[in-house]
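Chain by chain, the residues:
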Amino acid sequence: MSTTTTIVTRGDRTARRSSRRVEPIYYLFLLPTLLLFTLAITLPGVIGIFFSFTDSIGIGDWSFNGLTNYIAIFSDPAVLQSYLFTFGFSIATVIVVNVVAFLLAVGLTSRIRFKTGLRTIFVIPMVISGIIIAYVFNFLFSNSLPAAGAATGIPWLETSLLANPDLAWIAIVIVTAWQAVPGTLLIYIAGLLSVPGEVYEAASIDGANKSQQLLRITVPLVAGYVVINIILGFKGFLNAYDIIIGLTNGGPGTSTRSVAMTIIAGFNGGDYAYQMANATIFFIVAILISLLQLSMTRGRNAL
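In this report, we go over the structure that sits alongside the text. (Residues numbered from 1 in each chain as written. Predicted model: local features only at pLDDT ≥ 70, side-chain atom pairs only at ≥ 80, totals over all residues. Heavy atoms only, no water.)

### Notes on helix H1 (residues 24-51)
A rise of 1.5 Å per residue sets the reference length of H1, with its 28 residues, at 40 Å; its end C-alpha atoms lie 38 Å apart and thus fit the reference within 8%. Maximal helix bending in H1 amounts to about 45°, located at Thr38. (Helix = DSSP H or I, 4+ residues; strand = E, 2+ residues; numbered from the N terminus. Expected span 1.5 Å × (residues − 1). Bend = angle between axes of the 7 residues up to and from the residue.)

Take a look at the structure:
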C-alpha cells in the first residue's frame, strides 16, 4: 500500500492531505478468500432464502407460495416453543457464565500460589468437543447422581434432571456453562490485568477495602469486557445444538428443543422450505443482535 501526500492551499492556510492507494496485489490475495466465502456461505444463504418462498421439500418439483411459510411459522407452537427455550436458555447461561468467569478471573489474578497452573486447568474444558462433554454429563446425570441420591437418601437426586421436562434445561445450562466459562474467563483475565496497579494502591491509601475496590474500581474499569462477553456469549448460545443433542436430544418431548435443532429436524423430515423460512427469521434475529453489539461497543476501547 502506497501513500501520496497532496498539499492544498486555501487562502492563507495550507492543508496537507494524505491519500492511500491500494496496490492491486492486495486484491489478488483477497480474491481466493472472497471467492470461497461467497461459494460456501453467501451463495447457499441466498439460495436458501429463495426457496423459503416456495413449497420445496428439498428435491423434486416446487412452486412459489409467497409468504405462506413465514405466516405459518408465527402460528406454529413448536417453533415458538423452540424460540422461547433458546432465548430463555441463552439468557440464563449468559448470566451464569459471566458471574462464574468474572469471580474466577478475580481469584486467578490475585496474589495466590500456582495461579498459572490453575489458569491452565480452568481452560481445559474449552478444548474438549461439546458432544463428548455432553455424553459424559449425560452419564453423570442419568446414572451417577441418581445412584448417589439413592445411597444418601436425597429424594430430588434420585431422579435424573434430564427426565424432568421442567428441569432438564437446568442441566443444559450447567453443561454449556462448564464449557463456555474458560473462553469468557480468558477475556476477563485480560481485562483485569489491564487495570493499573496504581489505582488499587491509591484506593488502599484512601481506606477502601477489597470489596469496595472490586465494586467501585474493578467492575467499572472492566465494563467494556463485560459488555463484549455478554453479547458474544448470547450470540453463541443462540446456536446451541451439540450439547443439547448429547444431553436430551430435545426432550423430554420437545421441552429442550432449540431453534437450530428445529431447523435441522425439518430439513431431515422433508420440511425444507418451511424450515428455510425459519432459518431466515433466525438469521434476521442474529443480524439484529449483531447491530446491538455494534451500538453497545461503539467507542469502547476495552480490547
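### Remarks on the nonpolar core
Ranked by internal contacts, the top residues of the largest apolar core, which has 48 residues, are Phe89, Phe141, Val175 and Leu247. When contributions to this core are tallied by element, the ones reaching two or more residues are helix H2 (68-73), helix H3 (77-108), helix H5 (130-152), helix H6 (168-193), helix H9 (223-237), helix H10 (242-247), helix H11 (259-268) and helix H12 (272-297). When residues no more than four places from it in sequence are discounted, the contact partners of Leu247 are Ala134, Phe137, Asn138, Phe141, Leu162, Ala171, Ile172 and Val175. (Core = buried A, V, L, I, M, F, W, Y, C linked by side-chain atoms within 4.5 Å. Buried < 20%, exposed > 50% of the residue type's maximum accessible area, 1.4 Å probe, protein only. Contact = heavy atoms within 4.5 Å.)

### Let's talk about unusual backbone geometry
The amide bond that connects Gly251 to the next residue, Pro252, takes the cis arrangement and shows omega of -5°. With respect to the secondary-structure elements, Pro252 resides in the loop between H10 and H11. The phi dihedral of Asn249 is positive, around 55°, even though this residue is not glycine. Mapped onto the elements of the fold, Asn249 is located in the loop between H10 and H11.

### Concerning the packing of H3 against H9
Contact pair H3 / H9: the axes reach a minimum separation of 9 Å and the direction vectors enclose 145°. In this structure, the crossing between H3 and H9 has a hand that is right-handed. The residues of H9 that touch H3, namely those facing Thr86, Phe87, Phe89, Ser90, Ile91, Thr93, Val94, Val97 and Asn98, are Val226, Asn229, Ile230, Gly233, Phe234 and Phe237. Per-class residue counts for the contact of H3 with H9 are nine nonpolar, six polar and no charged. (Axes fitted to C-alpha atoms, helices over the stretch in contact; angles between N-to-C directions. Left-handed = near helix turned anticlockwise from the far one by under 90°. Nonpolar A, V, L, I, M, F, W, Y, C, P; charged D, E, K, R; others polar.)

Remember that the coordinates give geometry; whether it matters functionally is a separate question.
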